[in-house]
Amino acid sequence: MQESIKDMATSLDLKLPTKKTESYRYFDIESLLDKSYKTVQKQKQDIKDSKILKIVDGVVVEAPKNIVVSYKKERFVSSKHFDELYRFSHKINDEIIHIDIQNDTDLKILHRFEAKESFLTYRIQIDVKENTTAKIYETFIGCEAKGSFVLYGYDLIAGRYANVEIVKDETIVKDTYTPIHSNFIEAKESSNVKLFSFDYGDADGLVLVDSYIEKDANIDAKHLLYVMGKAKRGTVSRLHHTEKNSKSNQVAKSILQDSSRGIFDATIKIDATAPGSKAHQNSKAVLLNDGAYMASKPQLVINIDDVEASHGSTIGELDETQLFYLRSRGINEDEARKMLILAFANEIIDDMSENEVVNAVHNSFEKVYYGKGQLECIATCHFCEDVIL
Amino acid sequence: MAQEEIDKAIAGDYKLGFEIDIEQDTVPPGLNEDVIRFISKKKDEPDWMTELRLKAYRKWLEMEEPHWANVEYEPIDYQAISYFSAPKQKPKSLDEVDPKILEAYEKLGIPLEEQKQLQGIAVDAVVDSVSVKTTYADELKKLGIIFCSISEAIRDYPELIKKYMFSVVPMNDNFYAALNSTVFTDGTFVYIPKGVRCPMELSTYFRINALNTGQFERTLIVADEGSYVSYNEGCSAPMRDDSQLHAAVVELVALKDAEIKYSTIQNWYPGDKDGKGGIYNFVTKRGLCLGENSKISWTQVETGSVITWKYPSCILKGDGSVGEFYSVAVTTLAQQADTGTKMIHLGKNTSSTIISKGISAMKGQNSYRGLVKIGKDAFGARNFSECDSLLIGSRCGAHTFPYLEDKSSHAKVEHEATTTKISEEQLFYLRQRGIDEENAVSMIVHGFCKDVFAHLPMEYAVEARSLLELTLEGSVG
Amino acid sequence: MNMVEIKDLYANIGDKKILKGLNLELQEGKVHVIMGPNGAGKSTLSKAIVGHYDIEIENGSIVYKGEDITELEPEERALKGIFLSFQNPVEVPGVSNAYFLRTAVNAKRKYEGKEELNAAEFLRKAKETANFLGMKPELLNRSLNEGFSGGEKKRNETLQMLLLEPDFIILDEIDSGLDIDALRAVSEGINKLKDGKRTFLVITHYSRILDYIKPDVVHVLKDGKIVKTAGSELVEVLEKEGYAALGES
């Protein structure tokens with residue numbers, strides 16, 4: 001069964017993004033939407049007990065006992081999300097996977113894509129109860145899903161005084177799947193959300209995340225991008241301060257190799273209803289060779305005077321003086337470059353709280369770093385699963 | 001300090017809102033090929049120019065008005081605008097300039113006579129659509145410098161016009177540029193020959209006077225190899241209830257080792273506190289650093305207009321060329337400004353600097369929009385941008401939209417932006433030393449703009465300062 | 001004769017009640033010192049006198065030279081001759097120190113019906129004074145207080161004081177963060193203004209500054225009230241025994 005995404009959107013009376021849509025300005029969305037895909041019928045299964053939450057082609061197959069996972073029709077939808085595919089993904093999925101976190105939890109999620117040349121779409125909703133701590137790590141394996149378009153996303157609701165750390169670790173290899181992640185985060189009063197994204201590889205992919213930051217709440221967002229080949233990859237985000245004394249801090253680091261393109265299109269918006277808010281944003285990109293391309297668009301939209309907001313953005317090469325210093329101490333150029341690149345990346349990786357997760361992300365990074373230009377996917381990918389298990 | 005007091009202090013009153021009572025020669029509103037032919041004929045233009053205008057018109061008809069800027073306004077009825085208005089008596093020499101126009105210029109603080117004698121600044125004054133007088137042209141001619149209205153240049157220097165007009169801003173560059181290419185009525189042409197350093201500041205004052213007219217001036221400055229010129233423009237318009245359209249085009253070309261410094265003090269009528277009336281300032285300004293080591297520097301102080309849409313840009317084509325953009329934009333009342341720059345680095349070792357200071361008060365909305373693009377061959381290119389916003393009050397907005405695109409690994413792009421308010425602590429400190437509130441606000445705002453004012457020619461820095469003071473004037477409780 | 005009379009002053013910062021019925025009389029030509037533990041309300045008192053925006057006066061009055069100034073704007077109080085040397089002077093980027101000083105001096109001269117100083121006259125005077133205080137002349141051209149060291153800021157406060165020639169001078173922790181040379185320079189500046197007519201209110205936590213500026217009257221402020229008033233001998237007592245030794249007298 002083949003259906004074009006455009007027809008599906010028309011039947012739902014929804015607009016799809018075009019090449020003129022600002023949030024897809026640097027990403028070739030039209031060619032992804034123009035193609036026809038097979039659609040996948042989701043067959044719900046009995047959920048096996050496991051240490052991780054495993055979702056295969058949008059179906060939950062394994063889950064830990066201590067969390068409540070269910071399929072639901074009723075769900076949270078943000079009406080103001082800037083991304084058209086966010087609305088589309090909600091409309092097209094009759095049900096979402098609901099994860100209810102009632103107690104302090106460490107959760108690892110493995111998303112596995114297997115269907116070829118298919119349109120794979122599903123959403124999860126994560127509710128973190130007030131005063132609760134949740135550490136969520138999600139990773140993606142999709143070597144078999146050649147030619148598939150994955151439209152996935154989560155809605156994360158961090159209850160009052162909740163502490164949430166959510167980590168996305170995704171290495172994509174060319175000629176496999178192409179993902180669009182369309183996420184929404186609501187940080188309720190006095191909650192603290194730490195968001196990490198690690199996007200590696202030599203294939204296209206985009207993450208779009210919108211958020212609401214309520215009174216006294218805080219969102220820290222850290223993004224590390226390391227791409228090569230012809231990948232177009234990046235983050236489009238909006239940290240939206242809606243209530244007073246809300247805080248955000250966003251740091252993006254991008255390492256671009258070959259003729260890859262990095263995208264950092266990030267808005268901080270402070271409403272007139274959010275006096276006393278503080279927002280800082282910083283983006284640093286390193287181009288490892290000519291032809292690599294960084295598109296950086298850090299934006300401030302400020303509608304009240306009583307705020308503290310700043311952003312900075314730099315694009316350049318590896319610091320020559322640092323490189324020279326290392327070489328003058330007898331380290332060869334390759335080694336010196338590697339040290340600097342790893343140091344640049346580690347600043348973000350080491351900022352996470354869980355050792356196990358830090359190691360997993362380090363592993364992914366080094367795997368990509370040493371395999372540069374010749375990334376290959378092992379069909380069964382036991383290695384990847386081992387890492388998170 | 002109470003918010004309305006600050007508002008009062010910031011908004012002041014529009015001091016240049018008088019109307020000159022002179023007879024106008026105006027075409028009826030509307031745009032079609034006949035109107036274009038009429039304008040062209042009225043200006044004694046050669047046929048090739050008429051044809052170019054018609055070509056631009058046909059392109060314009062196919063284009064759409066852009067709506068991506070962060071501004072909101074009532075739709076413009078392009079058929080309700082009169083595209084040509086000239087004072088009836090066209091003066092031959094300064095003595096013949098209608099005394100009322102001269103009086104008007106004096107109110108603007110530009111007494112032509114005095115300028116001519118004392119300040120050593122050459123002035124071209126444009127009222128509505130026509131250049132009323134160019135001073136100093138004869139003295140400049142001795143150096144080979146051409147400083148005249150664009151209409152004269154089309155007649156007298158067709159080769160230069162054919163070579164450079166539309167070379168930087170093509171006639172179909174954007175909707176407003178196409179409209180301008182169709183109906184442009186006057187403006188200034190400057191040519192500085194090889195190796196000549198223009199000995200005086202060149203200056204044009206624009207004024208929209210007639211009702212329901214648009215102003216569509218077109219300026220072209222060409223600096224030949226090794227030359228230097230500093231050019232300034234100022235503008236004002238009477239207070240009207242209806243909005244008026246101003247869609248100008250400015251093209252600059254700097255050849256090898258040449259330098260053009262272009263300064264603007266824009267004080268079109270800003271409309272009232274509800275956004276009624278005021279000028280729609282939709283302007284395309286672009287400079288081309290064509291030759292090696294050439295330099296183009298834009299400095300602007302934008303205090304007027306109800307809507308501003310302008311991005312003075314530099315195309316850095318010549319190796320080692322330099323682009324600069326220094327801007328102060330003030331939005332008070334219900335003004336909206338979407339302004340910034342584009343720095344397109346094509347040549348090797350090109351460098352650019354952007355310093356933008358936005359001040360928002362009352363319901364003013366100020367957006368900085370800038371593009372820095374480093375081409376893949378721009379080895380060693382450097383850019384530094386700093387965009388600071390100062391907010392005064394809880395109803396205004398300050399927005400920063402920088403686009404940074406780098407394709408060369410041997411380049412460096414740096415952008416910084418901050419948003420601040422006038423701190424109560426600073427204000428209190430100054431007041432404790434006996435400086436009243438209004439002066440204290442003005443002092444802090446000046447301090448905020450200092451880095452930009454430093455790039456204006458001295459006479460104009462004084463003017464910009466007093467203009468800001470005027471804008472800030474108004475009693476504080 | 002009293003230059004300042006504060007009667008039954010209750011002042012709050014936000015919801016916090018800080019001054020709770022404070023009474024204080026300051027005599028013309030005298031040096032008064034207010035000492036007291038941290039959090040007693042010393043800085044609040046100085047802010048209340050100059051009309052700081054943080055302070056809400058709930059009750060009571062501040063009378064200066066026979067006039068109730070409790071409701072006056074800060075600049076009106078300044079022009080009438082009240083000067084506060086701030087504990088932490090704020091930085092004002094882009095506003096040159098010299099320009100600021102001249103504006104302030106001329107605002108005062110205008111208020112007093114005197115001719116305003118032109119740039120040359122002013123600069124001569126400012127440089128002389130800066131020199132007397134051992135200030136680097138380039139500090140006049142820098143932005144107001146921006147990037148100044150602690151000592152430079154306090155010298156700059158003293159410079160403003162000497163140029164504005166106020167009648168009632170409040171020194172809020174003028175000695176905090178000063179090395180011995182700066183302390184000496186600042187004290188010399190202050191002593192230069194002692195002419196038997198001006199009144200000084202020295203607010204301090206430590207007695208160090210009092211080795212340089214001899215106090216006539218010492219008050220102890222505790223929990224929002226003046227709890228003791230005596231001659232300069234009280235300083236020594238406090239030095240030895242601390243504030244705890246003081247009863248509610």
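Structure first, text after, so check above.
Residues numbered from 1 in each chain as written. Chains lettered and ligands numbered in written order. Predicted model: local features only at pLDDT ≥ 70, side-chain atom pairs only at ≥ 80, totals over all residues. Heavy atoms only, no water.

Asker: Just to check I follow, could you spell out the overall build of chain C for this structure?
Answerer: Within chain C, the regular secondary structure consists of seven helices and 12 strands. A compact globule built from 249 residues would reach a C-alpha radius of gyration of about 18 Å, and chain C, at 18 Å, matches this within 12%. Projecting the C-alpha coordinates of chain C onto the three principal axes gives extents of approximately 55 × 40 × 35 Å. The 249 residues of chain C split such that 54% are buried. (Helix = DSSP H or I, 4+ residues; strand = E, 2+ residues; numbered from the N terminus. Rg over C-alpha atoms; globule rule 2.2 N^0.38 Å. Buried < 20%, exposed > 50% of the residue type's maximum accessible area, 1.4 Å probe, protein only.)

Asker: Teacher, can you tell me more about the sheet that holds strand 9 (residues 168–172) of chain C here?
Answerer: Sheets are built from strands that pair by backbone hydrogen bonding, the pairs being arranged parallel or antiparallel. Residue and element names in this part refer to chain C. Pairing is mixed across the open sheet formed by six strands, whose spatial order is 6-9-10-3-11-12. Each edge of the open sheet is held by one strand with a lone partner, namely strand 6 (82–85) and strand 12 (225–230). Between one strand axis and the next, the sheet turns through 20 degrees on average, direction left out of account. Helix 7 (residues 233–241) rests against strand 3 (31–35), strand 11 (217–222) and strand 12 of the sheet, and its axis sits at about 40 degrees to strand 11. (Pairing = 2+ DSSP bridges. Axes fitted to C-alpha atoms, helices over the stretch in contact; angles between N-to-C directions. Contact = heavy atoms within 4.5 Å.)

Asker: Help me out: how do you make sense of the interface of chain B and chain A in this one?
Answerer: Accessible area lost upon the coming together of the parts serves often as the stated size of an interface. Chain B puts 31 residues into the contact, and the matching count from chain A is 35 residues. Each partner contributes to the roughly 2,600 Å² buried at the junction of chain B and chain A, and carbon and sulfur atoms together form 49% of this total. Of all residues in chain B, Tyr 403, Leu 404 and Ser 409 of chain B give up the largest surface area on contact with chain A, accounting jointly for 20% of the area buried on that side. Counting the contacts that link chain B with chain A gives one salt bridge. Linking chain B with chain A are 20 residue pairs in polar contact (both at pLDDT 80 or more). For the side of chain B that touches chain A, the elements supplying multiple residues, two or more each, are strand 21 (382–392), strand 22 (397–406) and strand 23 (412–421) of chain B. Considering every element that reaches the side of chain B that touches chain A, the biggest residue donor is strand 22 of chain B, with 10 residues. The residue inventory of the side of chain B that touches chain A, partitioned by class, reads 11 nonpolar, 12 polar and eight charged. (Buried area = accessible area lost by both parts, 1.4 Å probe. Salt bridge = Lys/Arg side-chain N within 4 Å of Asp/Glu carboxyl O. Polar contact = N/O pair within 3.5 Å; in protein donor to acceptor, adjacent residues only side chain to side chain. Nonpolar A, V, L, I, M, F, W, Y, C, P; charged D, E, K, R; others polar.)

Asker: When you look at the packing of aromatic side chains in this model, what are you seeing that I'm missing?
Answerer: Pairs of aromatic rings are described using the distance from one ring centre to the other and the angle between the two planes. On inspection of all chains with the given rule, the structure shows 40 aromatic pairs over all chains. Here Phe 175 of chain B and Tyr 176 of chain B contribute two aromatic rings whose centre-to-centre distance is 5.3 Å and whose plane-to-plane angle is 85 degrees, an arrangement assigned as edge-to-face. What makes Tyr 176 of chain B buried here is its relative accessible area of 1%. Counting every residue linked through ring pairs, the aromatic cluster contains Tyr 57, Trp 60, Trp 68, Tyr 73, Tyr 78, Phe 175, Tyr 176, Tyr 280, Phe 282, Trp 309 and Tyr 311 of chain B. Its end group placed over the ring of Phe 344 of chain A, Lys 253 of chain A keeps NZ or CZ at 4.5 Å from the ring centre. One residue, Arg 218 of chain B, lies across the ring of Phe 184 of chain B, its end atom 5.8 Å from the ring centre. (Phe/Tyr/Trp six-rings, centres within 6.5 Å; stacked < 30°, edge-to-face > 60°. Lys NZ or Arg CZ within 6 Å of the ring centre and 35° of its normal.)

Asker: Please clarify how the packing of helix 10 (residues 424–432) of chain B against helix 11 (residues 437–453) of chain B should be interpreted in this entry.
Answerer: Packed helices, taken two at a time, are described by their axes: the angle between them and the distance between them. Residue and element names in this part refer to chain B. Here helix 10 crosses helix 11 at 125 degrees, and the two axes come no closer than 9 Å. One way to sum up the angle between helix 10 and helix 11 is to call them oblique. In terms of crossing hand, the pair formed by helix 10 and helix 11 is right-handed. Packed against helix 10, whose contacting residues are Gln 426, Leu 427, Leu 430 and Arg 431, the element helix 11 presents Glu 437, Ala 440, Val 441, Met 443 and Ile 444 at the interface. Taken together, the residues of the contact of helix 10 with helix 11 break down into six nonpolar, one polar and two charged. (Parallel < 35°, antiparallel > 145°, perpendicular 65-115°, else oblique. Left-handed = near helix turned anticlockwise from the far one by under 90°.)

Asker: Before we go on, may I ask you to explain the interface of chain C and chain B in this structure?
Answerer: Counting residues at the interface gives 33 residues for chain C and 19 residues for chain B. For the chain C face of the interface with chain B, the top three residues by lost area are Tyr 53, Glu 75 and Val 90 of chain C, together amounting to 26%. Between the two partners, chain C and chain B, sit three salt bridges. The salt bridge partner of Glu 157 of chain C is Arg 433 of chain B, with a shortest N-O separation of 2.6 Å. Across the chain C-chain B interface, the total number found is 14 residue pairs in polar contact (both at pLDDT 80 or more). Those elements giving two or more residues to the side of chain C that touches chain B turn out to be helix 2 (74–79), strand 6, strand 7 (92–96), helix 3 (97–111) and helix 5 (150–164) of chain C. Of the residues in the side of chain C that touches chain B, the class split is 20 nonpolar, nine polar and four charged.

Asker: Even after reading the chapter, I still don't get the environment of Leu 84 of chain C, so can you show me in this structure?
Answerer: Tracing the backbone shows Leu 84 of chain C in strand 6. Between the alpha carbons of Leu 84 of chain C and Ser 96 of chain C there is a distance of 20 Å; along the sequence they are 12 residues apart.

Asker: Mind showing me how you'd approach the pattern of salt bridges here?
Answerer: A side chain of one charge can pair with a side chain of the opposite charge if their charged atoms are brought near each other. All chains considered together, the criterion is met by 60 salt bridges over all chains. When the shortest N-O distance is used, the salt bridge between Glu 114 of chain A and Arg 112 of chain A registers 3.3 Å. For Arg 112 of chain A, a relative accessible area of 7% translates into the label buried. Here Lys 357 of chain B ties to Glu 386 of chain B by a salt bridge, and the two come within 3.5 Å at their closest N and O atoms. A residue pair is termed long-range when its members are at least 10 positions apart, and Lys 357 of chain B in strand 19 (residues 351–361) and Glu 386 of chain B in strand 21 qualify at 29 residues. Since its relative accessible area comes to 5%, Lys 357 of chain B is described here as buried. With relative accessibility at 19%, the residue Glu 386 of chain B sits in the buried group. In this structure, a network of salt bridges that share partners links the residues Glu 130, Arg 160, Glu 189, Lys 215 and Asp 216 of chain A.

Asker: How should the state of the cysteines be read in this particular structure?
Answerer: By definition, a disulfide links the sulfur atoms of two cysteines through a covalent bond. All names here are of chain B. Applying the stated rule across the entire model yields zero disulfides over all chains. Distance from the sulfur of Cys 289, which forms no disulfide, to the nearest cysteine sulfur (Cys 314) is 5.7 Å. What makes Cys 289 buried here is its relative accessible area of 0%. Left unpaired, Cys 387 is separated from the closest cysteine sulfur, that of Cys 449, by 14 Å. Judged by its relative accessible area of 2%, Cys 387 is buried. (Disulfide = S-S within 2.5 Å.)

Asker: Can you help me understand the side chain of Asp 305 of chain A in this one?
Answerer: Among the structural elements, Asp 305 of chain A can be located in the loop between strand 21 (293–302) and strand 22 (307–316). Here Asp 305 of chain A sits buried without a salt bridge, and the closest side chain of opposite charge, Lys 421 of chain B, lies 5.2 Å off (N-O distance). Setting aside chain neighbours within four positions, we find Asp 305 of chain A in contact with Leu 391, Ile 392, Gly 393, Ser 394 and Lys 421 of chain B. (Lys, Arg positive; Asp, Glu negative; His and termini not counted.)

Asker: So what exactly am I meant to see when it comes to the side chain of His 111 of chain A here?
Answerer: Within the secondary structure, His 111 of chain A sits in strand 8 (residues 105–112). A distance of 3.4 Å separates polar atoms of two side chains, one belonging to His 111 of chain A and the other to Tyr 152 of chain A.

Asker: Explanation requested: the packing of helix 4 (residues 320–328) of chain A against helix 5 (residues 333–349) of chain A in the structure shown.
Answerer: Residues and elements named next belong to chain A. For the pair helix 4 and helix 5, the least separation of the axes is 9 Å and the interaxial angle reads 130 degrees. In terms of their interaxial angle, helix 4 and helix 5 are classed as oblique. The interaxial crossing formed by helix 4 with helix 5 has right-handed handedness. In this structure, helix 4 uses Gln 322, Leu 323, Leu 326 and Arg 327 to contact helix 5, whose residues at the interface are Glu 333, Ala 336, Arg 337, Met 339 and Leu 340.

Asker: For this particular structure, what's the right way to read the layout of surface pockets?
Answerer: Remark: the empty space left among the atoms is shown by a probe the size of a water molecule rolled over them. What the largest pocket holds in volume is close to 1,300 Å³. At the level of secondary structure, the elements contributing two or more residues to the lining of the largest pocket comprise strand 17 (232–241), strand 19 (261–270) and strand 21 of chain A together with strand 13 (278–289), strand 18 (336–345), strand 20 (365–374) and strand 22 of chain B. Its residues assigned to classes, the lining of the largest pocket shows 15 nonpolar, 10 polar and 16 charged. (1 Å grid on protein atoms, 1.4 Å probe; cavity = no way out; pocket = protein on both sides within 12 Å on 5 of 7 lines; lining within 4 Å. Points joined across faces, edges and corners; volume = space filled by probe spheres on them.)

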